[in-house]
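# Residue-level structure breakdown
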Amino acid sequence: IMKKLTTILFVLVFASSMAFAQSNSATVNQTGDNAEATVTQISDQVGDNTASIDQLMANSNYTASILQDGDENEASVTQNGGNFKESTVEQIGHRNEATVTAEGGGRANVSDIYQTGNDNDASITMGLVSSASSTIDQTGNKNEGFVIALDAGTADITQTGDENYASIDSGFYSAGSNSFVTQTGDLNIGTIVQGTTGNAATINQTGNSNTSNISQN
């Protein structure tokens, strides 16, 4: 009887350890000079967080950091060319996705993504720009925020609630343009497109199921 009890106890302990096994993945690739990268992964139960930082052809002052506190989050940062690039991704929750891409010869570019909740999706893409900054801040669940900034300026998205969608597209020749989308509530849609210099656009949505579109060309 004791042998059977010991066998049963071993099986239970083994099954429990397997159930709480955590397998996070982190990758950092750096080429060039003066690049700094930090990845911090904290799992609740499942783990399976994935983080990658690629700093390529770094010239000076590349910094990138990823913090993941939860399970099944995905984050990637790519910094390529130019100098003075700074990127931060913080994910608190589960199944969030965040992507930052800052490429080209621009300098003094700052990109930040903050996600608190579950199933949020955010991406920031910067091209051949200088003195550009973008922040996406998501609090809630299933929000989507996307920024394309191809010239100097500021592009920020703040989402508080669930299932909101926001996008900012500041293309080439939009230097000095600033754009802001703030959504408080659920199921809101806000889009801004800028194609000429010196524009300012702001969308504020409070409530549910609102739709706003601004186009400046």
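You'll find the structure just up there.
Read on for a plain summary of the structure. (Residues numbered from 1 in each chain as written. Predicted model: local features only at pLDDT ≥ 70, side-chain atom pairs only at ≥ 80, totals over all residues. Heavy atoms only, no water.)

### A closer look at the environment of aspartate 156
Selection criterion: Secondary structure elements are defined from DSSP: runs of H or I of at least 4 residues count as helices, runs of E of at least 2 residues count as strands, and each element is numbered from the N terminus. Throughout, a contact is declared for two residues whenever any of their heavy atoms are within 4.5 Å. By the criterion applied in these results, polar contacts are pairs of N or O atoms within 3.5 Å in which, for protein atoms, one can donate a hydrogen and the other can accept it, and in which residues neighboring in sequence qualify only through two side-chain atoms.
Along the chain, the position of aspartate 156 falls in strand E12 (residues 153-162). As a C-alpha pair, aspartate 156 and threonine 135 span 21 residues in sequence and 4.8 Å in three-dimensional space. Those residues in contact with aspartate 156, other than ones at most four positions away along the chain, are Ser133, Ser134, Thr135, Ile168, Ser179, Phe180 and Val181. Among the polar contacts made by the side chain of aspartate 156, one reaches the main-chain amide nitrogen of threonine 135 at a distance of 3.0 Å.

### Let's talk about the side chain of serine 170
Position of serine 170 relative to the elements: it lies in strand E13 (residues 165-170). At a separation of 3.0 Å, a polar atom in the side chain of serine 170 contacts the side chain of glutamine 194. Those residues within four positions of serine 170 in sequence are excluded, and the remaining contacts are Ile148, Ala149, Leu150, Asp151, Ser179 and Gln194.

### Details of the sheet that holds strand E7 (residues 97-103)
The condition is simple: Pairing between strands is defined by DSSP: at least two bridges between the two strands are required. Every axis corresponds to a line fitted to the C-alpha atoms, with the helix fit spanning only the stretch in contact, and the corresponding angles, defined between N-to-C directions, vary from 0 to 180 degrees.
In space, the nine strands of this open sheet follow the order E1-E3-E5-E7-E9-E11-E13-E15-E17, with parallel pairing throughout. The open sheet has two free edges, formed respectively by strand E1 (25-32) and strand E17 (211-216), since each of these has just one partner strand. Averaged over all neighbouring strand pairs, the angle between strand axes comes to 0°, with direction disregarded. Strand direction decides the pairing type here: E13 and strand E15 (residues 189-194), joined by six bridges, are parallel. Its bridge partner lying in E15, aspartate 169 is registered against valine 193.

Any functional reading would require information that these geometric values do not contain.
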